[in-house]
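# Fold and geometry: a report
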Amino acid sequence: MTLSLTLPTASGALAPYALRGTASVKPDAGVKFNRIAYSAAHVVADPLAAVDPWLQAAVDWDTTIAYRRHLFSLGLGVAEAMDTAQRGMGLDWPTSLELIRRSLDAAKDVPGALVASGCGTDHLNIDDVKSVDDVIRGYEEQMAAIEALGGKLIVMASRALARVAKSPADYERVYDRILSQAKQPVVLHWLGDMFDPALAGYWGTKDVDAAMDTAVGIIAAHPEKVDGIKISLLDKDKEIAMRRRLPKGVRMYTGDDFNYAELIAGDGFGDEPTHGKSDALLGIFDAIAPAASAALGALAQGNTEKFHAILGPTVPLSRHIFAAPTRFYKTGVVFMAWLNGHQKHFTMVGGQQSTRSLQHFAELFRLADAANLLEQPELAARRMKTLLALHGVEG
């Protein structure tokens, strides 16, 4: 039986929509990858908590950790307490640290499970940060807490550093200090201002090429302490250019949610394997996890055509979810988790479910269907109808 419903269009009109009826993408059991692939995972809010959502974070821990176990089962690592988990947009540092602790505990039950955790300075009152030394102390505090749990660090971009740094030399000082102390190789994180306007001019300049020079120089000074760098600039040419400049063995983790398929597939450039391809640390892998796993499995088997056939149709969905204002992409990620039955409600930490329009959700639904990403079509259609009815659309 064909599933159908009435969806709003971009013009505000209503139009019937029939689901494709194609089976959702599923990876093979025991899939192995030849890329490291982290999914930056979302948190599931507790809708029954008696809190003010804009002011306090209430997390449904059981469902949140169950979703991480789901990602592990698909062969994906978890990039924990990152911006996809609403770090800095509803999730505070104490809750982030508890999330990291619980994820690391869950990973112990899964042989080979990868977890890397966001380390930043978001616990600082930014108005009280007056110097680079204040930023260093902030990073060190979170480093110590995560490493005490045995965690691997993702050194997140710092709003506080972007605010007080006067030159690239200030960035060099901070990162030299942090990297020299790290207990195991870290992943650096370069987040563009389309994701967070407070990070404009990171690395001491608004010139991206000059900023890249600074970042590459910092990595080159500590290659043994850097596993890789994730860049989220939504510019594939910049990522490729930087990838080719990284020291031997340092990975490029693509954070390009617009062009990830071709960047992961790679171009085979050079003699150093890490120069010719990107690994992955992506928020969109939360929303498309089964397809990501299936595609990466095909790539590892040398079937590039199948890799693109699976992952290619997901790119229009990702570009829609990450459309400007890009920082609201978390709403689309959680919406997908709700449609696919990974949580019982569409409520977010910080009330962030309100950041996108009904038209946005309708187009997301159509694109998810087109990419064969609706794992339970009847449930997805029923939940979409619930959202429509909440907005006064029946049928």
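Before reading further, recall that the structure is shown in the block above.
Residues numbered from 1 in each chain as written. Predicted model: local features only at pLDDT ≥ 70, side-chain atom pairs only at ≥ 80, totals over all residues. Heavy atoms only, no water.

## Notes on the overall build of the protein
What the protein contains, in helices and strands, is 15 helices and 10 strands. Its C-alpha radius of gyration of 21 Å places the protein within 12% of the 21 Å reference for a compact globule of 395 residues. Expressed as lengths along the three principal axes of its C-alpha atoms, the size of the protein is roughly 60 × 50 × 45 Å. The buried share of the protein, reckoned over its 395 residues, is 56%. In the structure as shown, the protein presents an accessible area of about 15800 Å², 51% of it carried by carbon and sulfur atoms. Within the protein, one finds 40 positive and 46 negative side-chain charges whose respective centroids are separated by 2 Å. (Helix = DSSP H or I, 4+ residues; strand = E, 2+ residues; numbered from the N terminus. Rg over C-alpha atoms; globule rule 2.2 N^0.38 Å. Buried < 20%, exposed > 50% of the residue type's maximum accessible area, 1.4 Å probe, protein only. Areas by Shrake-Rupley, 256 points an atom, 1.4 Å probe, with all protein chains shown as cover. Lys, Arg positive; Asp, Glu negative; His and termini not counted. Charge placed at Lys NZ, Arg CZ, Asp CG, Glu CD.)

## Points about the packing of aromatic side chains
Any pair of aromatic rings gets described here by the distance separating the centres and the angle formed by the planes. Counting across every chain of the model gives 17 aromatic pairs. A centroid spacing of 6.0 Å and a plane angle of 80° characterise the contact between Phe195 and Tyr329, whose relative ring orientation is edge-to-face. Residue Phe195 is located in the loop between strand 7 (186-191) and helix 6 (208-221), and its partner Tyr329 is located in helix 13 (residues 329-339); the two are separated by 134 residues in the primary sequence. Taken as a pair, Phe195 and Tyr329 share a single burial class, namely buried. Ring centres 5.4 Å apart and planes at 90° place the aromatic pair Phe346 and Phe361 in the edge-to-face group. You can see Phe346 sitting in the loop between helix 13 and helix 14 (358-370) and its partner Phe361 sitting in helix 14, a full 15 residues away along the chain. The structure contains a cluster of three or more aromatic residues connected by ring pairs, namely Tyr139, Tyr171, Tyr175, Trp190, Tyr202 and Trp203. It is Arg327 that lies over the ring of Phe328; its NZ or CZ is 4.8 Å from the centre. (Phe/Tyr/Trp six-rings, centres within 6.5 Å; stacked < 30°, edge-to-face > 60°. Lys NZ or Arg CZ within 6 Å of the ring centre and 35° of its normal.)

## A short note on the nonpolar core
Ranked by internal contacts, the top residues of the largest apolar core, which has 121 residues, are Tyr175, Tyr202, Met242 and Phe285. Setting aside chain neighbours within four positions, we find Tyr175 in contact with Tyr139, Val155, Met156, Ala157, Leu161, Leu188, Tyr202, Trp203 and Ile218. Counting residues in each nonpolar core, the second largest holds 10 residues, with Tyr38, Ala79, Met156 and Val187 among its members. (Core = buried A, V, L, I, M, F, W, Y, C linked by side-chain atoms within 4.5 Å. Contact = heavy atoms within 4.5 Å.)

## Remarks on the sheet that holds strand 4 (residues 77-80)
In space, the eight strands of this closed barrel follow the order 3-4-5-6-7-8-9-10, with parallel pairing throughout. Adjacent strand axes in the sheet meet at a mean angle of 25° when their direction is disregarded. By the bridge criterion, six bridges tie strand 7 to strand 8 (residues 226-232) in an arrangement that is parallel. Residue pairing across strands places Trp190 opposite Ile231, the latter belonging to strand 8. The strands touched by helix 1 (residues 61-73) are strand 3 (37-40), strand 4 and strand 5 (115-119); relative to strand 4, the strand with the most contacts, the crossing angle is about 140°. (Pairing = 2+ DSSP bridges. Axes fitted to C-alpha atoms, helices over the stretch in contact; angles between N-to-C directions.)

## Description of the side chain of Gln343
Following the sequence through the fold, Gln343 ends up in the loop between helix 13 and helix 14. You can call Gln343 buried: its relative accessible area is 2%. A polar contact of 3.0 Å, which involves the side chain of Gln343, links it to the backbone oxygen of His345. Apart from the residues lying within four places of it in its own chain, the contact partners of Gln343 are His42, Val44, Thr63, Val334, Ala337, Trp338 and Arg383. (Polar contact = N/O pair within 3.5 Å; in protein donor to acceptor, adjacent residues only side chain to side chain.)

These figures come from the coordinates and say nothing about function on their own.
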